Amino acid sequence: MSLESIKYARGSLEILDQLLLPLQTRYVKVQGVEDGWKVINKMQVRGAPAIAIVGCLSLAVELERDNNSDKKIMRQEIEGKLNYLVSARPTAVNIKLAADELINLANSLSADETVTPEEFKERFISRIEGMLTKDIEDNKAIGRYGCEAILKTLEGDGPVRILTHCNTGSLATAGYGTALGVIRSLQETKRLDHVYCTETRPYNQGARLTAYELVHEKIPSTLIVDSVVSALMNTRRISAVVVGADRVAANGDTANKIGTYQIAITAKHHGVPFYVAAPLTSIDMSLTSGDRIKIEERPDREMTHVGEHRIAAPGINCWNPSFDVTPAALITGIITEKGVFAPDKLSEIDSK
Ligand SMILES: CSC[C@@H](O)[C@@H](O)C(=O)COP(=O)(O)O
């Protein structure tokens, strides 16, 4: 059974606290928007799709308790709360696109005189709830397309060895995962020989979360420190790199966890295909290129400490960007739920 990072039933939301994994499994109650903002900002839940889903579900839970009977006030409050949730973490675009879609829905439900306040609430909450199933379906399609693309580039029926970075699995999504979904699909074909996952310093999403998911799924895998990537590609045959995305610009430049860019450079040097697996909700066609993506900088403490333990010399200056941008020229293909696209062909995706 795959890991359940988000537990939701109408009026109730709990998230698996990812800061405590892999040593402790504890769920945290999210009772409304304020809690939603906090769990996202503190990274108790993280990963671009999960951030969007948990943020929107925190609003659904709050609305369920709300007995407001004035649609105009409801609309206004919804807009303010969604904009607040978007501010919790700036780089992943999924929550911004979801907020825009929900604000449009609230505007039209508010303007439509045939819609009662009760119906407004019901239709708005149902739309948010639909995100959970849609994300899992999209991830499964990403898995299938990615698996097909990777198997097609290989000669014969030799072993498939994948390198991935950060965490893109069930914990980062509503379930199944994006890049990790591609790995799951490969595993289902019995062609997968081995997965290498990076530690993903400084917050260790690879060592703590991806390694946990790989062990849980019994996928043959090895953890490496981030600085082993070039040596790995030089000494062991890697079939492909597959990573996730926090925001893909219209030209294919991709923001993802810090360290992704240097993996893409080394993949190019070694002739290893480099894929980004991302749902359409991670593609921001409003930005022409990656240099327009806002990169979140995290507190020094996330770098200087591992848990409660200080590892850096006191007094040293720190620079801790959470993401970097991989130029489109280094990307072989962007795997979406609509198929695999060359980075310069994103405008051809039919988003319906
Ligand atoms: C399907 S998750 C895709 C990305 O969000 C993931 O690769 C990533 O960079 C997560 O960063 P995080 O800082 O842990 O939220």
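Residues numbered from 1 in each chain as written. Predicted model: local features only at pLDDT ≥ 70, side-chain atom pairs only at ≥ 80, totals over all residues. Heavy atoms only, no water.

The chain is annotated in an unreviewed UniProt entry as Methylthioribose-1-phosphate isomerase from Chrysodeixis includens.

Undergrad: A description of the packing of aromatic side chains should follow, citing residues and the corresponding values.
TA: In the structure shown here, the tally under the stated rule is two aromatic pairs. Their ring planes at 10° and their centres at 5.5 Å tell us that Trp-37 and Tyr-84 sit as a pair that is stacked. Here Tyr-84 lies in helix α3 (residues 71–86) and Trp-37 lies in helix α1 (residues 33–41), a separation of 47 residues in the sequence. On the accessibility criterion, Tyr-84 (30% relative accessible area) is partly exposed. The ring of Tyr-176 has Arg-184 sitting right over it, with the charged end atom 5.6 Å from the ring centre. Above the plane of the ring of Phe-323 lies Lys-257, whose end atom (NZ or CZ) is 4.3 Å from the centre. (Phe/Tyr/Trp six-rings, centres within 6.5 Å; stacked < 30°, edge-to-face > 60°. Helix = DSSP H or I, 4+ residues; strand = E, 2+ residues; numbered from the N terminus. Buried < 20%, exposed > 50% of the residue type's maximum accessible area, 1.4 Å probe, protein only. Lys NZ or Arg CZ within 6 Å of the ring centre and 35° of its normal.)

Undergrad: Explain the sheet that holds strand β14 (residues 323–326) to me, using residue names and the numbers behind them.
TA: Pairing within the open sheet is mixed, and its four strands lie in the order β11-β8-β9-β14. Both outer strands of the open sheet, β11 (283–284) and β14, are each paired with one neighbouring strand and no more. The pairing of strand β9 (residues 254–257) with β14 spans four bridges and is antiparallel. Bridge assignment links Lys-257 to a residue of β14, and that residue is Phe-323. Together, β9 and β14 form the strand contacts of helix α9 (residues 260–270), whose direction differs from that of β14 by roughly 35°. (Pairing = 2+ DSSP bridges. Contact = heavy atoms within 4.5 Å. Axes fitted to C-alpha atoms, helices over the stretch in contact; angles between N-to-C directions.)

Undergrad: Would you mind going over the domain arrangement of the chain in detail, with residue names and values included?
TA: We note that the domain assignment places domain 1 (6–135) and domain 2 (144–348) within the chain. Summarising the inter-unit geometry, the C-alpha centres of domain 1 and domain 2 are found 27 Å apart. Every contact between the two is made by 26 residues of domain 1 and, on the other side, 32 residues of domain 2. Summed over both sides, the interface between domain 1 and domain 2 buries roughly 2,200 Å², with carbon and sulfur atoms accounting for 54% of that surface. (Domains from an automatic or database assignment. Buried area = accessible area lost by both parts, 1.4 Å probe.)

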